[in-house]
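Structural characterization, general
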Amino acid sequence: MTTIDEVKKLAALARIRVEDAELEKFTSEFDAILAYIETISMVEMPQGNALRRGLTKAKKPPLRNVMRADDEPHAARAYTKKIAEQFPSFAKATEGKPASEAGMYLEVKQIISHD
Amino acid sequence: MIKLNEMTIVEAARALRARECTVRGLWDACAAAAHARNPELNAYLEIFDADFSAITAAQKRIDSEGESAPLLCGIPLAIKDNILIEGKIASAASKMLENYRATYDATVVRKLKDAGALFIGRTNMDEFAMGSSTEHSAFGATKNPHDISRVPGGSSGGSAAAVAAHLAIAALGSDTGGSVRQPASHTGIVGLKPTYGAVSRSGLIAMGSSLDQIGPLAKSVADARILYDAICGIDSLDSTTIPNGLYGQHKLPKNLRIGVPYHLLGKGVDTDVIAAFDVMLKQLARAGHTIVDVELPMSSHALAAYYVIMPAEVSTNLARLDGIRYGHAARGKTLLEDYILSRTEGFGEETRRRILLGTFVLSSGYIDAYYRKADAARAVLRQEYMDAFKKVDSIAFPTTPSPAFTFGEKSDPLAMYLEDIFTVTANLTGMPAISVPMGWIPRESAEKGTVKLPVGIHFTAPHQAEDVLFAVSLAVEKAHNA
């Protein structure tokens, strides 16, 4: 059984808030979903060597380098303005005027306190 | 004469080259149909204004290159709202990204632009592609063109409805657990989920990164193939894309061996869906293909494994949406409050539910019981399929247990999840899969008495064996249209 406190704790971990009115519904739905997916924890799975054998029986594709070349993917600042335009602080910083240097900075709250 | 917007890609490409219509005429027909029917269907979240320079360029290319111009040149396509088109909003049908304007083209969009294709609009979907009905869209559900009291399926329901109602010639969707194939089945069109890694996901808003693939929704098998050929290929912007022949060469026999896991079809599937499926199998057998019984025991646990792995990946992927760099940005007293307010206001109910579920299965103490177990089940399932493919070329079952359901019918989340019971296996194994219309079955309708609803047949093939899917689907299409 999931408890309301557990759902609250998960929500805090996930940085979302579940309103009190929704908590009960969320908790009972959660129980139903967990009861279903819980079947997976009871499945007899090949263990240890048997599992490894099962997994390596198939011919694995040869290793290949999936990393891109370590060079410049595009010219410096090619996307800066476009990305800056999506900053929540952009509109305020530019106040409808064309993008200035001021609008190109991402605004975040102070996180170091001196208390 | 057939209306221009009702043509397939093949028909439209031929008509354009034969000067029977112009790119402008084709665009206008699709745009007019889209504007006329969208208020009722809500297939599009936005219908774009005509891009006259692109229309003129496509016309010039057809005029000068003729037969050698790409088949997609001048063809109006609908694009799911989680695929980025530079300069356009890409909201993933979420309040979180309601005002997010794409800063670059998805690789698939760039490839379609290079081929001269046109984009008619961005289509509705379940928020962040989570759902099987489009009822989880933050901007209202899409309606099924065959019966507007029913869902079009999801999550690519807007793309499916747009194609089925001829509001576009074809469309792109994305498929994490059946989100292309299930709506294709519910709206009577063809939907393909390519092999994992066959199509670049650069510019696709991520849901479950070990499962997501972009795929075509089209009016015919030939059209699905044209779109697939245009968007597939290795891409330096997506390191999960794979080169041709990675999984070795396979033969394409003239007569295919089709495996059917009869042990999975015993219960939970509507009897008339099974009947339509049996009729189609008989027709395939008459056409020279062989039907073989196959055993895939781990399939019974596939959905449970999927609903562990997928939310785990969702909660991870959606962690980036915190109201700081882009998207919905609410402000509180502290930085933590900024995050919590932005995410709580931005995400809809189902999205929050899956984030919580993912957070749960990944949390210390549960990761072994759930996530690692699901991952092991996934490996066993994949092995079972690989073993089955030693004796068959393709595996068939109905795409969904029932035809399209009515709005609100699956308000219980678990009932909605069961819609994906057949389709999730291909995402877990990474194998390509397709849904093709196989028949029509009658259901009561609140709107117009009895309606005939389309149902699809689903085929899976080994990794990179999309040509097997196209071959068997063409045989189905031939039998279905006969």
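Residues numbered from 1 in each chain as written. Chains lettered and ligands numbered in written order. Predicted model: local features only at pLDDT ≥ 70, side-chain atom pairs only at ≥ 80, totals over all residues. Heavy atoms only, no water.

**Structural notes on the overall build of chain B**
Counted only if it meets this: Runs of H or I in DSSP of at least four residues are treated as helices and runs of E of at least two as strands, each being numbered from the N terminus. Two things to know: the radius of gyration comes from C-alpha atoms, and the globule rule equals 2.2 Å times the number of residues to the power 0.38. Should any heavy atoms of two residues lie within 4.5 Å, those residues are considered in contact.
Per the secondary structure count, chain B includes 15 helices and 11 strands. Relative to its length of 482 residues, chain B is compact, with a C-alpha radius of gyration of 21 Å against a globular reference of 23 Å. Seen along its three principal axes, the alpha-carbon backbone of chain B occupies a region of about 65 × 55 × 50 Å. Put simply, of all contacts in chain B between residues at least 6 apart along the chain, 76% involve residues at least 24 apart.

**Some remarks on the interface of chain A and chain B**
Which entries qualify depends on this criterion: Throughout, buried area stands for the accessible area (probe radius 1.4 Å) lost by two parts on being put together, summed over both. Salt bridge, as used here, is a side-chain nitrogen of Lys or Arg placed within 4 Å of a carboxyl oxygen of Asp or Glu. Pairs of N or O atoms are called polar contacts if they sit within 3.5 Å, as long as, within protein, a hydrogen donor faces a hydrogen acceptor (for residues adjacent in sequence, only side-chain-to-side-chain pairs). Put simply, Ala, Val, Leu, Ile, Met, Phe, Trp, Tyr, Cys and Pro go in the nonpolar bin, Asp, Glu, Lys and Arg in the charged bin, and everything else, Gly too, in the polar bin.
Taken residue by residue, the interface counts 46 residues in chain A and 64 residues in chain B. Both faces considered, chain A and chain B share a buried interface measuring about 4,700 Å² in area, 69% of it formed by carbon and sulfur atoms. The interface formed by chain A and chain B contains 5 salt bridges. Put simply, B:Arg353 and A:Glu29 hold a salt bridge, and the shortest N to O gap is 2.7 Å. If you look at where chain A meets chain B, you find 11 residue pairs in polar contact (both at pLDDT 80 or more). Looking at the side of chain A that touches chain B, the elements with two or more residues in it are helix H1 (4-13), helix H2 (20-37), helix H3 (39-42), helix H4 (48-57) and helix H5 (80-85) of chain A. The leading source of residues in the side of chain A that touches chain B is H2(A), at 10 residues. Its residues placed into classes, the side of chain A that touches chain B shows 30 nonpolar, 4 polar and 12 charged.

**Quick notes on the packing of helix H2 (residues 23-41) of chain B against helix H3 (residues 52-65) of chain B**
Residues and elements named next belong to chain B. Quick reminder of the rule: Interaxial angle, 0 to 180 degrees, is taken between N-to-C directions of lines fitted to C-alpha atoms, where a helix line uses only the stretch in contact. When describing relative orientation, an angle under 35 degrees is termed roughly parallel and one over 145 degrees roughly antiparallel, while 65 to 115 degrees is termed roughly perpendicular and anything else oblique.
As a packed pair, H2 and H3 sit with axes 9 Å apart at the nearest point and diverge in direction by 135°. It follows from the interaxial angle that H2 and H3 lie oblique. Contact with H2, carried on its side by Val-23, Arg-24 and Trp-27, involves Phe-52, Ile-55, Ala-58, Gln-59 and Ile-62 of H3 and no other residues of that element. Classifying every residue of the contact of H2 with H3 by side-chain character gives 6 nonpolar, 1 polar and 1 charged.

**Quick notes on the pairing of strand E5 (residues 190-193) of chain B**
Residues and elements named next belong to chain B. Using the following cut-off: For every residue, the accessible area (1.4 Å probe, protein chains only) is compared with the maximum for its type, and the residue is labelled buried under 20%, exposed over 50%, or partly exposed between those bounds. By definition, two strands form a pair when at least two bridges between them are found by DSSP.
Side chains Val-190 and Leu-192 project from E5 onto one buried face, and the interleaved Gly-191 and Lys-193 project onto a second face that is buried too. Examined bridge by bridge, E5 and strand E6 (residues 213-218) share 2 bridges and lie antiparallel to one another. Residue pairing in the sheet places Gly-191 in a bridge with Leu-217 of E6. Inspection of the sheet shows E5 paired to strand E10 (residues 433-445) by 3 bridges, in the antiparallel sense. Paired with Leu-192 across the strands is Ile-434, a residue of E10.

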